[in-house]
Amino acid sequence: MLFDVSSRHILGQRACDLVPCPGAQQVEERLRSALRTRHPFTERELNISLSDGRTITVNCTVLPLHHFEARAELLVELHQVDQQLRINREEQLLSQHQATQALIRGLAHEIKNPLGGLRGAAQLLEAELPDPGLREYTRIIIEEADRLQTLMNRMLGPNRMPQPRSVNIHYVLEHVRGLLLAESPGGPRILRDYDPSLPEIRADQDRLIQALLNIARNGVAAAGKDGALILRTRALRQFTIGTKRHRLVMRVEVEDNGPGVPEELRDRIFFPMVSGHHGGTGLGLPIAQELINQHGGLIECESRPGQTQFLVYLPLELEHD
Ligand SMILES: Nc1ncnc2c1ncn2[C@@H]1O[C@H](COP(=O)(O)OP(=O)(O)O)[C@@H](O)[C@H]1O
Ligand SMILES: [Mg+2]
């Protein structure tokens, strides 16, 4: 089942042909030495490429069997661990995000309060200044204070209560698509691959739009005008987000065929102020992550040159389930 081949095809094959991983020769060498020395060994998180192009991650245990006959045998156990690794990664992503969010909140409040005082004082000063030529300076103070205030507000996210109601995710995606087409005419093609059987989700529609727009805008920029962006929806049954198992989960995928997330940013794109663009704010993704987290969901990213996917997981059952 793991290799997706029948036993008839496997019997009689060489082990290293069956496991076409990068170090196939090494595998053969390890197996031979286990046979010779009769020492068991375990190899963790091996990547194996399957014949259909998929890569899976396994833990591998090799156990020499001691027979009285001359022929030695090895018992090789392959245990797929992708799911466990994904859960570990998600837990890390969530706790990382929570820590960042707490930091931002604390910092933003610390900055906002004195900023208000600063701006107020500059305004009073402006009114008192005898020489209008000096007002240029108070203007700068006020404008810069306003700019910082706007930035802080964006980092803090929406300050009204969420307004959950029944939302059709395809309406949300069509809305996002419309905005993107209007924003960048002559931009990449925006294709749709929707699962029409998806039920409505209880969510704050504006927040979903904002989150998906932040993700998709990056995709449009990455794909460029000759590229393509795909908006895809899928239902997943019995799926774990973070540590919580859900009966039904919706996955919204935003995929582009651009050059991929730069290697050096890959682990940090959900941190605020991390941007690969000159003049980028680096706030799009952390805000999107926060908005999706508020719905009990999570955003993940998988990226290589030519295929970048942002996967938005949202639980579909009601809160009291
Ligand atoms: N689809 C994508 N393809 C390639 N890189 C991406 C993609 N989405 C995000 N990124 C990278 O992640 C960075 C952070 O994105 P974001 O938080 O939206 O901030 P900003 O867009 O202001 O730079 C981007 O600057 C870019 O380098
Ligand atoms: Mg962005």
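Structure shown above.
Described below are features of the structure shown in this document. Since the model is a prediction, treat every value here as computed from it, not as a measurement.

So, the overall build of the chain
1) Next: Secondary structure summary: the chain contains eight helices and 10 strands in total.
2) Next: The C-alpha atoms of the chain give a radius of gyration of 27 Å, which is well past the 20 Å a tight globule of 321 residues would have.
3) Next: Principal-axis analysis of the C-alpha atoms places the extent of the chain at approximately 105 × 45 × 45 Å.
4) Next: Relative to its 321 residues, the chain shows a buried fraction of 38%.
5) Next: Restricting the contact set of the chain to residue pairs at least 6 apart, pairs at least 24 apart contribute 65%.
6) Next: Counting only carbon and sulfur atoms, one obtains 53% of the accessible surface of the chain, whose full area is about 19,400 Å².

Digging into the nonpolar core
1) Next: If you look at the biggest cluster of nonpolar residues, it comprises 54 residues, and the most contacted ones within it are I169, L208 and L212.
2) Next: Those residues within four positions of L208 in sequence are excluded, and the remaining contacts are V167, I169, V172, I201, A203, I292, H295 and L314.

A few points about the environment of N88
1) Next: Here N88 lies in helix 4 (residues 82–128).
2) Next: Sequence separation between N88 and D267 is 179 residues, and the spatial gap between their C-alpha atoms is 14 Å.

Digging into the packing of aromatic side chains
1) Next: All told, the structure shown has two aromatic pairs when counted by the stated rule.
2) Next: Ring centres of F239 and Y313 lie 5.0 Å apart, and the angle between their planes is 15 degrees; on these two criteria the pair is classed as stacked. Here the residue F239 occupies a position in strand 7 (residues 228–241), and Y313 occupies one in strand 10 (residues 307–315), the gap between them amounting to 74 residues. Neither F239 nor Y313 differs from the other in exposure class; each is buried.
3) Next: Where F270 meets F310, the ring centres are 6.4 Å apart and the plane angle is 75 degrees; that geometry is what we call edge-to-face. Here the residue F270 occupies a position in the loop between strand 8 (244–256) and helix 8 (284–293), and F310 occupies one in strand 10, the gap between them amounting to 40 residues. In this pair, the class of F270 matches that of F310, namely buried.
4) Next: Residue placement shows R30 over the ring face of F41; its charged tip is 4.1 Å from the ring centre.
5) Next: The ring of Y313 is capped by R86, whose NZ or CZ atom sits 5.7 Å from the centre of that ring.

Re the pairing of strand 8
1) Next: Counting buried positions along strand 8 yields 10 of 13 residues, so the element is predominantly enclosed.
2) Next: Here strand 7 runs beside strand 8; their pairing, made up of 12 bridges, is antiparallel. The residue of strand 8 that forms the bridge with L229 is D256.
3) Next: Counting the residues between successive antiparallel strands, the hairpin from strand 7 to strand 8 contains two residues, one of them, G242, with a positive phi of roughly 65 degrees.
4) Next: Across eight bridges, strand 8 lies against strand 10 in antiparallel orientation. Bridge pairing in strand 10 places V254 opposite F310.

Rules used in this analysis
Residues numbered from 1 in each chain as written. Chains lettered and ligands numbered in written order. Predicted model: local features only at pLDDT ≥ 70, side-chain atom pairs only at ≥ 80, totals over all residues. Heavy atoms only, no water. Helix = DSSP H or I, 4+ residues; strand = E, 2+ residues; numbered from the N terminus. Rg over C-alpha atoms; globule rule 2.2 N^0.38 Å. Buried < 20%, exposed > 50% of the residue type's maximum accessible area, 1.4 Å probe, protein only. Contact = heavy atoms within 4.5 Å. Areas by Shrake-Rupley, 256 points an atom, 1.4 Å probe, with all protein chains shown as cover. Core = buried A, V, L, I, M, F, W, Y, C linked by side-chain atoms within 4.5 Å. Phe/Tyr/Trp six-rings, centres within 6.5 Å; stacked < 30°, edge-to-face > 60°. Lys NZ or Arg CZ within 6 Å of the ring centre and 35° of its normal. Pairing = 2+ DSSP bridges.

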